[in-house]
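Coordinate analysis (summary)
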Amino acid sequence: MAAGSVTSSEVAGVSIVLEAVDEAVDTALVVRPTVPERPTIDAMNRGLVSHLRVLMAEELGFDEDPAVQALFREGYRVLDLTRRPTEQSTLFIAYQYMRDVGSLTRRFADVYRATRKQDQDDG
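To keep things clear, this report deals only with the structure shown in the data block. Computed from a predicted structure; not experimentally measured.

1. Observations regarding the packing of aromatic side chains
One pass over the full model with this rule turns up 3 aromatic pairs. Arranged with centres 5.4 Å apart and planes meeting at 80°, the rings of phenylalanine 62 and phenylalanine 72 form a pair that is edge-to-face. Placement of phenylalanine 62 in the loop between helix 3 (38-56) and helix 4 (66-79) and of phenylalanine 72 in helix 4 is noted, with a sequence separation of 10 residues between them. You can call phenylalanine 72 buried: its relative accessible area is 5%. Judged by centre distance (6.2 Å) and plane angle (45°), the rings of phenylalanine 72 and tyrosine 76 are tilted. On the criterion of helical spacing, the pair formed by phenylalanine 72 and tyrosine 76 is a turn pair, its members being 4 residues apart in helix 4.

2. Description of the pattern of salt bridges
Under the definition given, this model contains 6 salt bridges. Of the charged contacts, one joins arginine 113 and aspartate 22 as a salt bridge, the two residues approaching to 2.3 Å between their closest N and O atoms. Taken together, the positions of arginine 113 in helix 5 (residues 91-122) and aspartate 22 in helix 2 (residues 18-29) put the pair 91 residues apart, joining distant regions of the chain. For arginine 38, the salt bridge identified is with aspartate 42, shortest N-O distance 2.8 Å. Of this pair, arginine 38 and aspartate 42 are both found in helix 3, 4 residues apart, which corresponds to roughly one turn of the helix. By relative accessible area, arginine 38 is classed as buried at 19%. A relative accessible area of 25% places aspartate 42 in the partly exposed class. One network of salt bridges, in which partners are shared, links Asp22, Asp110 and Arg113.

Calculation notes
Residues numbered from 1 in each chain as written. Predicted model: local features only at pLDDT ≥ 70, side-chain atom pairs only at ≥ 80, totals over all residues. Heavy atoms only, no water. Phe/Tyr/Trp six-rings, centres within 6.5 Å; stacked < 30°, edge-to-face > 60°. Helix = DSSP H or I, 4+ residues; strand = E, 2+ residues; numbered from the N terminus. Buried < 20%, exposed > 50% of the residue type's maximum accessible area, 1.4 Å probe, protein only. Salt bridge = Lys/Arg side-chain N within 4 Å of Asp/Glu carboxyl O.

Have a look at this one:
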């Protein structure tokens, strides 16, 4: 992507705030002595899914990089509605989903950072 070009999230009117992404991921992945309550987990899942979708809308080198292609396949698998926890899902399933989405969101954020740094270095 050339310097000064517009990203897909900017076109959609959504900006990526990496500090917010990092905070959400850190909160989801922190080791706790007890599992959070279900409403807390559900709220974190909604936030993480939102961050992940915005990151997946970016141009991250999908066409050129097999590792990024694999990351997107994993992203689509995790976001599949049939894989998401429902109200009937156990606390553990919702918690594990939160950790899976958090980990994947972190990986996408890392690729996004690397892509932006490369764009800045090229520009």
